[in-house]
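Analysis of the macromolecular model
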Amino acid sequence: FTAPPTVWDEVSKTADWRGREEGQPFFSIINFTTTHESQIWARADHEMRVNPQTVPLPPYYPDNEIARTDVARHYSNMSELDDQIGEVLVNLEEDGLLENTIIFFWGDHGDGLPFYKRSVYRRGLHIPLIARFPNKKHAGTRNDAFISGIDFGPSMLSLAGIETPSQMQGKAFLGKFNSETEHEYIFGARDRIDDDYDRVRSVMDRKLQYVKNFNPELPLYMDVAYRKQIPMMRMLLEMRDSGTLTPEQSIWFKPTKTEEELYDWTTDPYQLHNLAEDPAYSEDLERLRGVMNNWVVETKDLGAIDERELLAQMWNGGTEPPLTANPEVIETAGEMSISCETEGASIAYRKTGSARWEVY
């Protein structure tokens with residue numbers, strides 16, 4: 001899908017509020033890539049801000065120089081990102097906007113190191129989230145509610161005094177229409193990653209996480225070419241081929257998966273011990289399986305449909321996405337109106353000489 005210009009005023013690596021009309025409200029997304037997985041190798045010559053010998057290593061990684069260097073590089077990149085965010089805050093303050101702007105900081109997935117990004121386990125779903133309000137309102141407080149990425153939209157609308165539209169599945173966790181109930185469960189999904197396909201779904205409560213593998217005949221590891229640019233990823237594959245990985249480090253490379261997985265992520269944070277066949281957890285397994293099945297039905301999960309068939313449905317049998325109907329512009333004395341026959345069409349207009357679109 002191509003996002004229409006009515007989604008936000010600007011989204012880029014350098015998006016900001018400057019260039020707008022005097023006093024005009026703005027909604028911008030500043031997309032930092034400083035901690036993207038590519039920066040593990042792209043920033044290899046940058047200053048190392050942490051000591052590789054002191055960084056913590058998960059049991060998935062061998063304790064050697066290559067692993068420690070990549071993990072330390074990731075922490076150093078986070079430090080660089082912190083500086084960049086500080087520059088944004090300084091610019092807002094210099095422009096007299098800091099105390100009139102709500103700022104959200106979040107990530108789009110677990111970190112970019114091997115075995116984290118692209119997984120539906122907690123390590124791949126858990127993201128940072130910080131909000132700053134004018135005049136440091138709520139400063140120092142922590143929200144321990146279950147929050148999902150689908151809650152961001154409703155929360156932004158709620159802060160603007162707008163109720164959550166019925167078609168949104170998320171719940172507002174801030175603002176005028178803050179939901180009185182939080183999520184009981186957090187869901188995760190994975191289908192195609194670059195050229196690799198593996199349908200996996202997960203559901204997590206306050207203690208357990210259930211994982212459903214729809215293609216158990218496939219390995220957990222997806223041979224994503226892009227990821228092989230990380231030195232540690234190449235090392236892990238070499239150690240796999242030479243048979244020098246420990247059992248914990250070999251979990252990723254098993255030739256097949258179990259159809260169901262169950263983990264107590266509070267006592268087993270690295271999710272190494274599958275409890276799905278433990279009789280003591282049979283009731284929990286059945287409960288979370290039912291929650292997952294209901295969610296698949298309620299959300300009309302389309303993951304079981306072949307991509308080509310799904311595209312054919314979405315494109316009404318054509319070979320490319322259907323076009324929005326041409327807008328009708330009616331101009332009368334001193335007024336102009338715009339309409340479009342396509343249901344749900346988002347309409348924007350741009351004044352002559354302006355680079356910015358405005359919502360109609």
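To be clear, the structure that these remarks concern was listed above.
About the criteria used
- Residues numbered from 1 in each chain as written.
- Predicted model: local features only at pLDDT ≥ 70, side-chain atom pairs only at ≥ 80, totals over all residues.
- Heavy atoms only, no water.
- Helix = DSSP H or I, 4+ residues; strand = E, 2+ residues; numbered from the N terminus.
- Buried < 20%, exposed > 50% of the residue type's maximum accessible area, 1.4 Å probe, protein only.
- Areas by Shrake-Rupley, 256 points an atom, 1.4 Å probe, with all protein chains shown as cover.
- Pairing = 2+ DSSP bridges.
- Axes fitted to C-alpha atoms, helices over the stretch in contact; angles between N-to-C directions.
- Salt bridge = Lys/Arg side-chain N within 4 Å of Asp/Glu carboxyl O.
- Phe/Tyr/Trp six-rings, centres within 6.5 Å; stacked < 30°, edge-to-face > 60°.
- Lys NZ or Arg CZ within 6 Å of the ring centre and 35° of its normal.
- Parallel < 35°, antiparallel > 145°, perpendicular 65-115°, else oblique.
- Left-handed = near helix turned anticlockwise from the far one by under 90°.
- Contact = heavy atoms within 4.5 Å.
- Polar contact = N/O pair within 3.5 Å; in protein donor to acceptor, adjacent residues only side chain to side chain.

**Considering the overall build of the protein**
Looking only at helices and strands, the protein features 8 helices and 12 strands. A principal-axis box enclosing the C-alpha atoms of the protein has dimensions of 80 × 50 × 45 Å. When each of the 360 residues of the protein is scored for burial, the buried share is 34%. Carbon and sulfur atoms make up 51% of the accessible area of the protein, which totals about 22,100 Å².

**Digging into the pairing of strand β10 (residues 335-339)**
Bridge count for strand β9 (residues 328-332) against β10 is 5 bridges, and the pairing is antiparallel. By the bridge assignment, I330 is partnered in β10 with S337. Where β9 folds back on β10, the antiparallel hairpin that results is connected by 2 residues, among which G334 adopts a positive phi of roughly 75°.

**Topic: the sheet that holds strand β6 (residues 196-204)**
Pairing within the open sheet is antiparallel, and its 4 strands lie in the order β5-β6-β7-β8. Unpaired on one side and paired on the other, β5 (186-193) and β8 (260-264) mark the two borders of the sheet. Going from strand to strand, the sheet's axes swing by 15° on average, the running direction of each strand aside. By the bridge criterion, 5 bridges tie strand β7 (residues 208-213) to β8 in an arrangement that is antiparallel. By the bridge assignment for β8, Q209 is matched with Y263.

**A look at the pattern of salt bridges**
The full count for this structure, using the stated rule, is 25 salt bridges. The partner of E182 in a salt bridge is R206, and the shortest N-O contact between them spans 3.0 Å. One end of the pair, E182, is in the loop between α4 (152-159) and β5; the other, R206, is in the loop between β6 and β7, with 24 residues separating them in the sequence. E182 gets classed as partly exposed once you look at its relative accessible area, which sits at 42%. R190 is the salt-bridge partner of D198, the closest N and O atoms lying 3.2 Å from each other. By the burial criterion, D198 is buried, and R190 matches it. By sharing partners, the salt bridges in this structure join D191, R199, R201 and D301 into a single network.

**Quick notes on the packing of aromatic side chains**
All chains considered together, the criterion is met by 14 aromatic pairs. Taking 4.6 Å as the distance between ring centres and 85° as the angle between the ring planes, the aromatic pair formed by Y60 and F115 counts as edge-to-face. With Y60 in the loop between α1 (39-42) and α2 (65-94) and F115 in the loop between β3 (103-106) and α3 (122-125), this pair connects stretches of sequence that are 55 residues apart. A relative accessible area of 8% means that F115 is categorised as buried. Between W106 and F152, the aromatic rings sit 5.5 Å apart at their centres with planes inclined by 70°, giving edge-to-face as the arrangement. Here F152 lies in helix α4 and W106 lies in strand β3, a separation of 46 residues in the sequence. By relative accessible area, which is 11% here, F152 ends up buried. Each member of the aromatic cluster is reached from another via a ring pair, and the members are Y60, Y61, F115, Y116, Y221, W252, F253 and Y270. Geometry around F115 places R123 over its ring, the cationic atom sitting 4.0 Å from the centre. Residue placement shows K212 over the ring face of F214; its charged tip is 5.5 Å from the ring centre.

**Side note on the packing of α2 against helix α5 (residues 231-242)**
Two packed helices can be described by the angle between their axes and the distance between those axes. Viewed as axis vectors pointing N to C, α2 and α5 meet at an angle of 150°, and their least axial separation amounts to 9 Å. As summarised for this structure, α2 and α5 are arranged roughly antiparallel, according to the angle between their axes. You can see that α2 and α5 cross each other, and the crossing is left-handed. Across the interface between the two elements, I66, A67, D70 and V71 of α2 pack against P231, M232 and M235 of α5.

**Some words on the side chain of S38**
As for its placement among the helices and strands, S38 is situated in the loop between β2 (28-30) and α1. Among the residues examined, S38 registers a relative accessible area of 11% and is labelled buried. Side chain to side chain, S38 and Q39 meet in a polar contact 2.9 Å long.

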